[in-house]
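Analysis of the macromolecular model
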Amino acid sequence: MKPYNKNLKQASRDLRNNMTSAEKLLWSRLRNKQILGLQFYRQKPILNFIVDFYCPAVNLVIECDGGQHFTKDGLEADRIRDDALAQLGLKVLRFDNGQVIGQVDDVVEVVYRYCLKELSKESP
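Bringing unusual backbone geometry into the picture now. In this structure, L36 takes a positive phi of about 55 degrees despite not being glycine. Checked against the element boundaries, L36 lands in the loop between α2 (21-30) and β1 (41-46). Classification of L36 by relative accessible area gives partly exposed; the value is 33%. If you check the backbone angles, L47 has positive phi at about 55 degrees while not being a glycine. Relative to the elements of secondary structure, L47 occurs in the loop between β1 and β2 (49-55). The partly exposed category is assigned to L47, whose relative accessible area is 25%.

Spelled out as structure tokens, the structure:
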């Protein structure tokens, strides 16, 4: 299990109960092991962050980014966060909310291809 701040547990629950439209749409395509039988978790605390989606089997974090992520401060915060997650061996895939809502099939395809690539590394 990846380290997390137990104080984020309630915030994580609150985020699960108040997902954005983009998060809800993507979750409808990730849940119930729809991609290669892999388990995804939503609003998962890792370190001092709460990531939108997490798949431990392939060390993948998926983020749905709203407008605040594209400001100078937002971009810097995301860079710091991504670096910290990378230190744990996690890959972060970022999609903006418009991309998820308008092109969910393309987003799911990117996730699928990444997962397939990672799984093929494990089996000879």
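A word on the pattern of salt bridges. The final tally for this structure, using the stated rule, is 10 salt bridges. Measuring nitrogen to oxygen at the nearest pair gives 3.1 Å for the salt bridge that ties E63 to R81. One end of the pair, E63, is in strand β3 (residues 60-65); the other, R81, is in helix α3 (residues 72-87), with 18 residues separating them in the sequence. Residue E63 shares its accessibility class with R81, and that shared class is buried. With a shortest N-O distance of 2.7 Å, E76 and R79 are connected by a salt bridge. Pair noted here: E76 and R79 are both in helix α3, with a separation of three residues, about one helical turn. Salt bridges sharing partners connect three or more residues here, namely D65, D78, D82 and R94.

Bringing a nonpolar patch on the surface into the picture now. Together, L36, Y112 and L116 line one region of the surface with nonpolar side chains, adding up to about 230 Å² of accessible area. Mapped onto the elements of the fold, L116 is located in helix α5 (residues 104-122).

Here we come to the packing of α2 against α5. Contact pair α2 / α5: the axes reach a minimum separation of 11 Å and the direction vectors enclose 50 degrees. Considering their axes alone, α2 and α5 lie oblique with respect to each other. Crossing hand, α2 versus α5: right-handed. The segment α2 lies against α5, with L25, L26, R29 and L30 engaging V104, D105, V107, V108 and V111. Along the lines of polarity and charge, the residues of the contact of α2 with α5 split into seven nonpolar, no polar and two charged.

If you walk through the whole model with that rule in mind, you get one aromatic pair. Judged by centre distance (5.9 Å) and plane angle (10 degrees), the ring pair of W27 and F53 falls under stacked. Here W27, found in helix α2, pairs with F53, found in strand β2; they are 26 residues apart in sequence, far enough to count as distant. On the basis of relative accessibility, which here comes to 13%, the residue W27 falls in the buried class.

Attention now goes to the nonpolar core. Counting 23 residues, the largest nonpolar core has L26, L30, F40, L60, I62 and V111 as its most contacted members. Counting only elements with at least two residues in this core, the list comes to α2, β2, β3, β4 (91-96) and α5. The leading source of residues in this core is α5, at six residues. Excluding residues within four positions of it along the chain, V111 makes contact with L30, I35, F40, L60, I62, L93 and F95.

Procedures and definitions
Residues numbered from 1 in each chain as written. Predicted model: local features only at pLDDT ≥ 70, side-chain atom pairs only at ≥ 80, totals over all residues. Heavy atoms only, no water. Helix = DSSP H or I, 4+ residues; strand = E, 2+ residues; numbered from the N terminus. Buried < 20%, exposed > 50% of the residue type's maximum accessible area, 1.4 Å probe, protein only. Salt bridge = Lys/Arg side-chain N within 4 Å of Asp/Glu carboxyl O. Patch = residues over 30% accessible without salt bridge, like charges linked within 9 Å, V, L, I, M, F, W, Y side chains within 5 Å. Areas by Shrake-Rupley, 256 points an atom, 1.4 Å probe, with all protein chains shown as cover. Axes fitted to C-alpha atoms, helices over the stretch in contact; angles between N-to-C directions. Parallel < 35°, antiparallel > 145°, perpendicular 65-115°, else oblique. Left-handed = near helix turned anticlockwise from the far one by under 90°. Contact = heavy atoms within 4.5 Å. Nonpolar A, V, L, I, M, F, W, Y, C, P; charged D, E, K, R; others polar. Phe/Tyr/Trp six-rings, centres within 6.5 Å; stacked < 30°, edge-to-face > 60°. Core = buried A, V, L, I, M, F, W, Y, C linked by side-chain atoms within 4.5 Å.

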